[in-house]
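# Structure at a glance
In case you want the letters, here they are:
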Amino acid sequence: MDKKLSGQVAIITGASSGIGAGVAKSLSAAGAIVVINYPVPPVKDAAEAVLAEIKAAGGTGITAICDVSRENEVQKMFADTIQQFGTVDILINNAGLQKDAPFDEMTLEQWNFVLSVNLTGQFLCAREAIREFLRRGVDPKRSRAAGKIVHMSSVHEVIPWAGHANYAASKGGIMMLMKTISQEFAHKKIRINSISPGAIQTPINYRDWQTPEALDKLMTLIPYKRIGTPDDIGRAAVWLCSDDSDYVNGISLFVDGGMTLYPDFTENG
Ligand code: BGC
């Protein structure tokens, strides 16, 4: 692959598995130095395994523990990264989770947990990244932009999702967080966009693909008739972080096999 991100430092939150791990590998293949964030000690080994794979392929990086919903931990992760690598060029604001429940049974704890990681976590990380981008400014040897943020949203920033009110609300919130700060900092040459994945084969949705029956049912929602892979998202992230997309600000890039085309309307309506 063309090394479009050569020497740029990228923090990828929630990179010990799933989409985050895939994006870390893609950014590394494009030449970035990757900081593989993981939230709690029990997933350290998974993060180290992602890093080992990246190093075996010739990449460079570290792992970093940090619960993105905690301000002091986020600030420490950014400070440590800047101390070790000099700056941060790219933030992949990816960490996210689901705690699903029928709305009338949803506990405040389930609501708060999802909002604190998925939305507050993206706020805290984006704020630290922007502070560093503003401090450094544009360095043409690195990139045409002073920095890039990619928020990991979801098709559920626009598709309502019964039984997942906390998750869908967090993703709708991410959309306006992304657009607002993109508007606020574009003049500082900071580019901020989202990727909105559809069904990507990862642990978060294993129930939807673990049996042939489940997968068949899922396919009714995907016009392109395949489940996505973390690599599909990784390649989109490389593009959004590279100067190839230098005139792209404030978009949600749907990478979803057509899930947002409302396939139910193909022969109805
Ligand atoms: C969710 C997955 C789901 C996909 C499509 C994602 O944001 O995390 O569980 O499969 O949206 O509905």
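These notes cover the structure that comes with them. Predicted model only: the values in this text are computed from it and were never measured.

### Quick look at the environment of Ala169
Along the chain, Ala169 falls in helix 5 (residues 165-185). The sequence separation of Ala169 and Ala10 amounts to 159 residues, and the corresponding C-alpha distance is 27 Å.

### Things to note about the state of the cysteines
Defined simply, a disulfide is a covalent bond joining two cysteines at their sulfur atoms. Enumeration over the complete set of coordinates arrives at zero disulfides. For Cys125, which is in no disulfide, the shortest distance to another cysteine sulfur is to Cys66 and amounts to 5.7 Å. A relative accessible area of 0% means that Cys125 is categorised as buried. Cys241 takes part in no disulfide bond, and the closest cysteine sulfur to it belongs to Cys125, at a distance of 15 Å. Judged by its relative accessible area of 0%, Cys241 is buried.

### Observations regarding the nonpolar core
Counting 32 residues, the largest nonpolar core has Leu27, Ile36, Ile92 and Ile195 as its most contacted members. Of all the secondary structure elements, the ones that give two or more residues to this core are strand 1 (9-12), helix 1 (18-29), strand 2 (33-38), helix 2 (44-56), strand 4 (90-93), strand 5 (147-152) and helix 7 (230-241). Tallying contributions element by element places helix 7 first for this core, with six residues. Beyond its immediate sequence surroundings of up to four residues, Ile92 is in contact with Ile11, Ile12, Thr13, Val23, Leu27, Val150, Met152, Ala237 and Cys241. Counting 29 residues, the second-largest nonpolar core is a separate cluster that includes Ala64, Val68, Val114 and Ile190.

### Looking at the packing of helix 4 (residues 108-136) against helix 5
Packing of helix 4 against helix 5 brings their axes to within 8 Å, and their N-to-C directions diverge by 15°. Classed by the angle they form, the pair helix 4 and helix 5 counts as roughly parallel. Note on packing geometry: the crossing formed by helix 4 with helix 5 is right-handed. Mapping the contact onto sequence places Gln110, Trp111, Val114, Leu115, Asn118, Leu119, Gln122, Phe123, Ala126, Ile130 and Leu134 in helix 4 and Ala165, Asn166, Tyr167, Ala169, Ser170, Lys171, Gly173, Ile174, Leu177, Ile181 and Phe185 in helix 5.

### Points about the pairing of strand 5
Taking burial as the measure, the six residues of strand 5 include six buried ones, the bulk of the element. With burial as the criterion, each face of strand 5 is covered, one bearing Gly147, Ile149 and His151 and the other bearing Lys148, Val150 and Met152. As paired strands, strand 4 and strand 5 are joined by four bridges and run parallel to one another. The residue bridging Ile92 from the neighbouring strand is Val150, located in strand 5. Once you follow strand 4 into helix 4 and on to strand 5, the crossover reads as right-handed. Handedness of the strand 5-helix 5-strand 6 (residues 190-197) crossover: right-handed.

Conventions used here
- Residues numbered from 1 in each chain as written.
- Predicted model: local features only at pLDDT ≥ 70, side-chain atom pairs only at ≥ 80, totals over all residues.
- Heavy atoms only, no water.
- Helix = DSSP H or I, 4+ residues; strand = E, 2+ residues; numbered from the N terminus.
- Disulfide = S-S within 2.5 Å.
- Buried < 20%, exposed > 50% of the residue type's maximum accessible area, 1.4 Å probe, protein only.
- Core = buried A, V, L, I, M, F, W, Y, C linked by side-chain atoms within 4.5 Å.
- Contact = heavy atoms within 4.5 Å.
- Axes fitted to C-alpha atoms, helices over the stretch in contact; angles between N-to-C directions.
- Parallel < 35°, antiparallel > 145°, perpendicular 65-115°, else oblique.
- Left-handed = near helix turned anticlockwise from the far one by under 90°.
- Pairing = 2+ DSSP bridges.
- Right-handed = clockwise from strand over helix to strand, strands pointing away.

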